[in-house]
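Remarks on the overall topology
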Amino acid sequence: MTFPTQDQIRALQAEFGTPLYVYDQSSLERAAGEVLGFPNAYGLTARYAMKALSTGAIIRVLAQAGLHIDASSGYEAERAIRAGVAPERIQITAQQLPADLKGLVERGVGFNACSLRQLQAFGQIFPGREISVRINPGLGSGHNNRTNVGGPSSSFGIWHEHLDEVLALQREFDLRLTGMHTHIGSGSDPVVWERCARMSLDIAAQLPGVQRLSLGGGFKVARAEGETPTDLQAIGRALLPDFEAFTDAHGRELHLEIEPGTYLVANAGWIVASVIDVVDTGANGYRFIKTDTGMTELLRPNLYGAQHPIEIVPADGDENREISDYLVAGHCCESGDVITPRPGDPEGLLPRELAAPQVGDALVIGGAGAYCSSLAGKNYNSFPEAAEVLISRDGTPRLVRRRQTLDQMLANEVLD
Ligand SMILES: *Cc1c(COP(=O)(O)O)cnc(C)c1O
């Protein structure tokens with residue numbers, strides 16, 4: 001991953017103000033190309049899990065690159081439609097049934113039932129229709145409890161031992177159960193993916209109408225040094241023999257679906273912030289850089305102890321600033337608003353080597369495309385939602401979301 005150049009950062013800071021999310025169209029399109037090149041035996045549909053970054057302009061770039069959409073709520077499906085995505089290219093996989101499930105499905109949106117109750121609700125509205133089911137295959141690979149989305153401690157999907165009830169509901173409502181879905185969490189290891197694929201294929205064997213199998217998302221990226229990126233080609237190739245063996249055994253050629261969020265956007269986004277203060281807690285303490293961003297734009301360090309690369313961009317262009325250790329603190333009055341936690345430990349602190357900061361310098365946070373803007377501590381301390389900019393292929397930045405105003409923040413309040 002490359003940071004935008006220091007000159008670009010200073011120009012963005014001056015033109016759009018901070019904090020600012022910056023996304024790069026070329027990086028998005030490159031990632032889309034890699035995802036669409038995922039090896040497959042009998043065809044591929046790749047969906048963008050839009051909850052990773054739900055801004056319309058980003059959805060549009062990825063949809064135009066050829067991706068379909070995975071929506072995690074009815075609202076997300078509506079949002080994708082408003083961004084110009086054809087309803088037939090959207091599938092809903094949601095914990096909560098959309099209020100207007102009927103209207104969405106009538107317009108062409110696909111539905112992936114995530115519980116027996118959801119399957120029944122769909123059957124009651126749409127007997128005879130095509131549907132997919134999300135199964136919890138009993139295995140998880142998330143890196144911690146907060147991101148584990150498979151196995152007995154996860155509520156996502158229909159537990160794999162309840163297939164009889166799935167088939168009973170299918171018969172009751174004469175449903176065309178053509179799709180099956182598993183999404184078990186984050187991982188970059190082809191061996192884990194293959195194990196998951198085998199478990200999923202064993203389940204698909206017991207659902208005779210299934211023609212397409214989605215293995216979900218969860219392809220990890222390396223944001224910080226030392227993290228392991230995913231090799232999509234290696235994973236895809238590892239799965240090929242399993243799909244072919246399934247065909248030999250069951251006579252069905254399964255169409256493959258994958259639906260990455262993180263992989264498509266994580267390293268195509270940055271937060272450009274400004275240094276607002278530099279303080280210290282004495283000889284045995286720490287030096288802190290305070291910045292005008294924090295949990296209002298970036299919750300991942302607080303939630304997971306996530307590591308994001310950070311760089312100081314001196315306002316005066318001085319390239320010889322002394323390097324030393326600093327903690328970076330956000331602008332919220334909240335002791336947990338620290339951008340430099342210990343890896344995997346949101347309550348720990350781990351100073352970073354950074355160039356000596358001065359108030360007014362830019363501070364750039366990398367790896368900020370996925371689960372940052374869409375997963376923000378919005379309006380905490382009454383800070384407005386940050387603006388967002390998309391850098392087009394020719395390098396021109398374009399505003400794709402305005403900074404929220406105080407009036408917009410208060411628009412729905414009722415005082416008397
Ligand atoms: C969140 C989610 C994804 C994407 O996960 P990433 O880790 O961002 O790739 C895919 N499918 C479903 C059902 C999800 O909920």
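Residues numbered from 1 in each chain as written. Predicted model: local features only at pLDDT ≥ 70, side-chain atom pairs only at ≥ 80, totals over all residues. Heavy atoms only, no water.

**A look at the overall build of the chain**
This is how the line gets drawn: Going along the chain from the N terminus, every DSSP run of H or I of four or more residues is numbered as a helix, and every run of E of two or more is numbered as a strand. Both definitions apply: the radius of gyration is a C-alpha atom measure, and the globule rule equals 2.2 Å times residues to the power 0.38. Whether two residues are in contact is decided by their heavy atoms, any of which lying within 4.5 Å being enough. Methods summary: accessible areas were calculated by the Shrake-Rupley approach with a probe of 1.4 Å, and residue burial reflects only the protein chains presented. Lys and Arg are tallied as positive, Asp and Glu as negative. Neither His nor the chain termini are counted. Charged side chains are reduced to one point each, which is NZ for Lys, CZ for Arg, CG for Asp and CD for Glu.
Looking only at helices and strands, the chain has 12 helices and 20 strands in total. Against the 2.2 N^0.38 benchmark of 22 Å for 416 residues, the chain shows a C-alpha radius of gyration of 23 Å, consistent with a compact globule. Relative to all contacts within the chain whose residues are 6 or more apart in sequence, the contacts with residues 24 or more apart total 71%. A total accessible area of about 18500 Å² is found for the chain, and carbon and sulfur atoms account for 47% of it. Computed over 35 positive and 51 negative side-chain charges, the separation of the two mean positions in the chain equals 5 Å.

**A word on unusual backbone geometry**
Here is the rule: For each residue, the accessible area found with a 1.4 Å probe, counting protein chains only, is set against the maximum for its type, and the residue is called buried under 20%, exposed over 50%, and partly exposed in between.
Note the cis peptide between Thr 18 and Pro 19, where omega equals 0 degrees. Of note in this structure, Asp 174 is not a glycine but carries a positive phi near 55 degrees. Relative to the helices and strands, Asp 174 resides in the loop between helix 7 (163–173) and strand 8 (176–181). On the basis of relative accessibility, which here comes to 55%, the residue Asp 174 falls in the exposed class. Located in the positive-phi region is Ser 382, a residue other than glycine, with phi close to 60 degrees. Take Ser 382: it is sitting in the loop between strand 18 (362–365) and strand 19 (387–391).

**Thoughts on the pairing of strand 12 (residues 287–291)**
What counts, and what does not: Note: two strands are recorded as paired if DSSP finds a minimum of 2 bridges between them.
Strand direction decides the pairing type here: strand 11 (residues 269–280) and strand 12, joined by five bridges, are antiparallel. When the bridges of strand 12 are listed, Asp 280 appears paired with Arg 287. What sits between the antiparallel neighbours strand 11 and strand 12 is a turn of six residues, in which Gly 282 has the positive phi angle 85 degrees. Pairing between strand 12 and strand 14 (residues 323–329): three bridges, direction parallel. Across the sheet, Lys 290 pairs through a bridge with Ala 329, a residue of strand 14.

**Some details on the side chain of Thr 55**
The line we're drawing: Whenever two N or O atoms come within 3.5 Å, that pair is a polar contact, provided that in protein one can donate a hydrogen and the other can accept it, and provided that, for residues adjacent in sequence, both atoms are side-chain atoms.
Checked against the element boundaries, Thr 55 lands in the loop between strand 2 (44–49) and helix 3 (56–64). Separated by 2.7 Å, the side chains of Thr 55 and Glu 388 make a polar contact. With residues up to four places along the chain from it excluded, the contact list for Thr 55 reads Arg 79, Ser 373, Glu 388 and Val 400.

**Comments concerning the nonpolar core**
Where we set the bar: Joining through side-chain atoms within 4.5 Å is the link that ties buried Ala, Val, Leu, Ile, Met, Phe, Trp, Tyr and Cys residues into a set, and such a set is a nonpolar core. Per the annotation, domain bounds derive from an automatic or database assignment of domains.
Within the largest apolar cluster, 91 residues are counted, with the highest numbers of intra-cluster contacts made by Tyr 48, Val 133, Leu 207 and Val 265. Taken domain by domain, the makeup of this core includes at least three residues from each of domain 1 (6–19 + 267–409) and domain 2 (25–260). Leaving out residues up to four positions away in the same chain, Val 265 has contacts with Leu 28, Tyr 48, Ala 52, Leu 53, Ile 58, Leu 62, Gly 369 and Ala 370. Judged by nonpolar contacts, the second largest core, of 13 residues, contains Phe 16, Val 272, Ala 362 and Val 364.

**Some points on the site of the ligand**
Stated formally: Nearness is defined per residue: one heavy atom within 4 Å of the molecule or strand is enough. Only Asp, Glu, Lys and Arg are considered charged in this grouping, and only Ala, Val, Leu, Ile, Met, Phe, Trp, Tyr, Cys and Pro are considered nonpolar; every other residue, Gly among them, is considered polar.
Near the ligand lie 14 residues; those nearest to it are Lys 51, Gly 218, Glu 259, Thr 262 and Tyr 371. Between the ligand and Lys 51 there is a distance of 2.8 Å, counted from an oxygen atom to a side-chain nitrogen or oxygen. The protein chains hide 90% of the 380 Å² of surface that the ligand would expose on its own. When grouped by side-chain class, the residues that make up the shell around the ligand number three nonpolar, seven polar and four charged.

**Details of the pattern of salt bridges**
Here is the rule: The rule for a salt bridge is simple: a side-chain nitrogen of Lys or Arg has to be within 4 Å of a carboxyl oxygen of Asp or Glu.
Inspection of the entire model under this criterion finds 15 salt bridges. The salt bridge involving Asp 7 is made with Arg 10; its shortest N-O contact spans 3.0 Å. Pair noted here: Asp 7 and Arg 10 are both in helix 1 (residues 6–16), with a separation of three residues, about one helical turn. Asp 7 gets classed as exposed once you look at its relative accessible area, which sits at 55%. Among the salt bridges present, the one from Asp 316 reaches Arg 321, with a minimum N-O distance of 3.2 Å. Taken together, the shared-partner salt bridges in this structure form one network comprising Asp 316, Asp 318, Arg 321 and Asp 361.

**Some thoughts on the domain arrangement of the chain**
Which entries qualify depends on this criterion: Once two parts are put together, the accessible area they lose, assessed with a 1.4 Å probe and summed over both, is termed the buried area.
As assigned here, the chain comprises domain 1 (6–19 + 267–409) and domain 2 (25–260). A separation of 33 Å is found between the C-alpha centroids of domain 1 and domain 2. Across the boundary between the two partners, domain 1 contributes 22 residues, which contact 21 residues of domain 2. For the pair domain 1 and domain 2, the two sides together bury roughly 1800 Å², of which 53% comes from carbon and sulfur. For the domain 1 face of the interface with domain 2, the top three residues by lost area are Tyr 304, Leu 390 and Arg 393, together amounting to 28%. Counting every contact that joins domain 1 to domain 2 gives one salt bridge. Put simply, Glu 29 and Arg 393 hold a salt bridge, and the shortest N to O gap is 2.8 Å. Put simply, the parts of the chain that give the side of domain 1 that touches domain 2 at least two residues each are helix 11 (300–304) and strand 19.

**With respect to the packing of aromatic side chains**
Put simply, the rule reads: Pairing of aromatic rings covers Phe, Tyr and the six-membered ring of Trp, with a centre-to-centre limit of 6.5 Å; geometry is then stacked below 30 degrees between planes, edge-to-face above 60, and tilted otherwise. In our convention, an over-ring charge means Lys NZ or Arg CZ found within 6 Å of a ring centre and within 35 degrees of that ring's normal.
In this structure the tally under the stated criterion is six aromatic pairs. Ring plane angle 10 degrees and centroid distance 6.2 Å describe the contact between Tyr 21 and Tyr 23, whose orientation is recorded as stacked. Judged by its relative accessible area of 1%, Tyr 23 is buried. Considering the side-chain rings of Phe 111 and Phe 122, the 5.5 Å spacing of their centres and the 10 degrees angle between planes classify their relative orientation as stacked. Of this pair, Phe 111 sits in strand 5 (residues 110–113) while Phe 122 is found in helix 6 (residues 116–125), placing the two residues 11 residues apart along the sequence. For the residue pair Phe 111 and Phe 122, the accessibility class agrees, reading buried in each case. One aromatic cluster in this structure is built from Phe 38, Trp 193 and Phe 219. Lying across the ring of Tyr 326, Arg 287 places its NZ or CZ 5.1 Å from the centre.

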